[in-house]
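Examining the three-dimensional arrangement
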Amino acid sequence: MSEFLERSHTAGTSGAASQAVGRQSIGFTRPPAILGGASVVGSKEGDGPLGHLFDRVNEDPLCGKSTWEQAESEMQRQALALALGKLSLEPGDVRYLFAGDLLGQIIATSFGARDMEIPLFGLYGACSTIGEALQLGAMAVGGGYAGRVACVASSHLGSAEKQFRFPMGYGNQRPLSATWTVTGAGAFILGEGEGYVRITGITTGKIVDYGVKDSMNMGACMAPAAADTIAGNLEDFGREPEDYDRIITGDLGAVGKEILLKLLRERGYDIGRQHTDCGLEIYDRKRQDVHSGGSGCGCAAATLSAYSLDQIAEGHWRRVLFVPTGALLSTVSFNEGESVPGIAHGVVLEG
Amino acid sequence: MTAGKDMREDRKKGAEQGMREDGQKGMEQGMGEDRKRGREKDMQEVHRDMEKDMQEKVQEYNEYVKAVTPKHSLWKNMLQAFLVGGLICVLGQAVMNFALSRGLAQEEAGTWTSISLVLFSVVLTGLNLYPKLAKFGGAGTLVPITGFANSVAAPAIEFQKEGQVFGIGCKIFTIAGPVILYGTFASWALGLVLWVWQQVM
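Residues numbered from 1 in each chain as written. Chains lettered and ligands numbered in written order. Predicted model: local features only at pLDDT ≥ 70, side-chain atom pairs only at ≥ 80, totals over all residues. Heavy atoms only, no water.

Right, let's get into the domain arrangement of chain A. Residues and elements named next belong to chain A. As assigned here, chain A comprises domain 1 (33-191) and domain 2 (197-350). Each of domain 1 and domain 2 has a C-alpha centre, and the two are 18 Å apart. Taking both sides of the interface into account, the surface hidden between domain 1 and domain 2 amounts to around 4000 Å²; carbon and sulfur atoms contribute 67%. Our enumeration of links across domain 1 and domain 2 arrives at one salt bridge. In this structure, Asp 47 engages Arg 287 in a salt bridge whose closest nitrogen and oxygen atoms are separated by 3.5 Å. At the surface where domain 1 touches domain 2, the tally comes to 20 residue pairs in polar contact (both at pLDDT 80 or more). Of all the elements in the fold, those that place two or more residues in the side of domain 1 that touches domain 2 are strand S3 (33-42), helix H2 (43-46), helix H5 (129-142), strand S7 (148-155), helix H6 (157-164), strand S8 (180-181) and strand S9 (184-191). (Domains from an automatic or database assignment. Buried area = accessible area lost by both parts, 1.4 Å probe. Salt bridge = Lys/Arg side-chain N within 4 Å of Asp/Glu carboxyl O. Polar contact = N/O pair within 3.5 Å; in protein donor to acceptor, adjacent residues only side chain to side chain. Helix = DSSP H or I, 4+ residues; strand = E, 2+ residues; numbered from the N terminus.)

So, in structure tokens, the structure goes:
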């Protein structure tokens, strides 16, 4: 890590003992570890290619509750409880909780975390939320402010459709560029010392808006943000795409993937070999009729927990750049004719 | 398509422009009023040009996105809409013929047809079958009265959890509301035109 400390051109930092790298990144001198994670999904995700890897599949879309929102909260609670349980920890062993979801006023988090009694930072980064949570969690641990923290994010098809689009029973044709909101939640416990995967660096994304107004084509809205963060990461750390075994975006889908590869090629980076997208991994697009792929906070969070982390821990991938992507739209801004800004947060994971 | 690079360069250009402006302010104080005004005009033009460039970038990216985004086949969609919409109308005709054969007047039979189709659609919505039909049939399920019924029943089911008043009451017409409002308004406006026409002729 010392090589990064010597880079003096960090933006807005005082230098010397700083862990800041380049314009928008951090290289941790003592990398925090992901001690463990857990994933909870719905039946459609359980039926997908990663189905056997998730810790829990809720066949009941309401998770035994009476509303979509309660169901999403319940999934957050289940994911965090499972993650804690795997490490034989109690909620009291965790100093901070960084959590978020897609709903207005992040109610899935408020009610999901209600009984945990862990000091909470509620986050909103649309579908990039788990990236934001992991970044802040890693900063808290890496900075010595907490021994252990938890990061959680969730989404639910029912609550997301209801809030952003139409009631579930309404009949309409979704465009082929539309994505399918993942019903799922992912939870991660971060801590000092040895874990099975280390967070060695982060690159915080800025809002990037290329003026796309089509909320049913979120891949196109988010691809420029993903390209910006990935390029920023490579520039800040002085790396090439080959330095990563995988570059994993959150939920760009098929349309967004194509655009991302093109935008990065224009910047001189070819990530065609490394790039995968959680939205393309979590569903079988041919069989499951999800159009462009999966989306939602739960898409990146559950896929990372169930699949990607193990690949790193088992040594199949040595270094991975995880870049969950978010489309920062609201029904109000959309109706008022605004475009859909994108954001993407990079987290460098190493075995 | 070089939107990314160009946008970055534009931003840099913008920043440089700002710096230059700051430096110029001092000089400008010594300038004659006319020249100063002329320079402000130049600056405005530069800003206008930058905005125009930005708009072009946005347009360029949007056009590229449009080109790479797959679309439903219009002909296939029209055929499916024709089939499903046609079948719904055949169903309506069957109800109509049955009502007429039972001795109902034309108008009463029409009312019974509408009511039956609405019931048919609401039941399918409740069983979560209408969305599947609509996915296949598209506008063929949207245009007949069954589509209207679905757009009222679906919010009623979804928002029931938020209560009889603020849930169902406030939100039942979130989709159908515009149709009701502008449908009523359009019939009123056309009625007015007809009335004026009749007075004049």
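Residue and element names in this part refer to chain A. Most of strand S17 (residues 346-350) sits out of view: five of its five residues are buried. Judged by which residues are buried, S17 turns out to be covered on both faces: Gly 346, Val 348 and Glu 350 on one side and Val 347 and Leu 349 on the other are all buried. Of the pairings in the sheet, the one linking strand S10 (residues 197-203) to S17 comprises five bridges and is antiparallel in character. Within S17, the residue paired with Gly 201 across the bridge is Val 348. Note: strand S14 (residues 319-323) against S17, four bridges, orientation antiparallel. Considered in S17, the bridge of Val 320 is made with Leu 349. (Buried < 20%, exposed > 50% of the residue type's maximum accessible area, 1.4 Å probe, protein only. Pairing = 2+ DSSP bridges.)

On to the nonpolar core. Residue and element names in this part refer to chain A. Core analysis: the largest hydrophobic core is formed by 50 residues, its most contacted members being Ile 130, Leu 134, Leu 190, Ile 199, Phe 322 and Leu 349. At nine residues, helix H11 (residues 297-313) tops the list of elements feeding residues into this core. Looking at this core, you find at least three residues from each of domain 1 (33-191) and domain 2 (197-350). Among all residues touching Ile 199, those that are not within four sequence positions of it are Phe 28, Pro 31, Pro 32, Ile 34, Leu 134, Ala 138, Leu 190, Val 347, Val 348 and Leu 349. Ranked by size, the runner-up nonpolar core spans 36 residues in total, among them Ala 226, Leu 234, Val 323 and Ala 327. (Core = buried A, V, L, I, M, F, W, Y, C linked by side-chain atoms within 4.5 Å. Contact = heavy atoms within 4.5 Å.)

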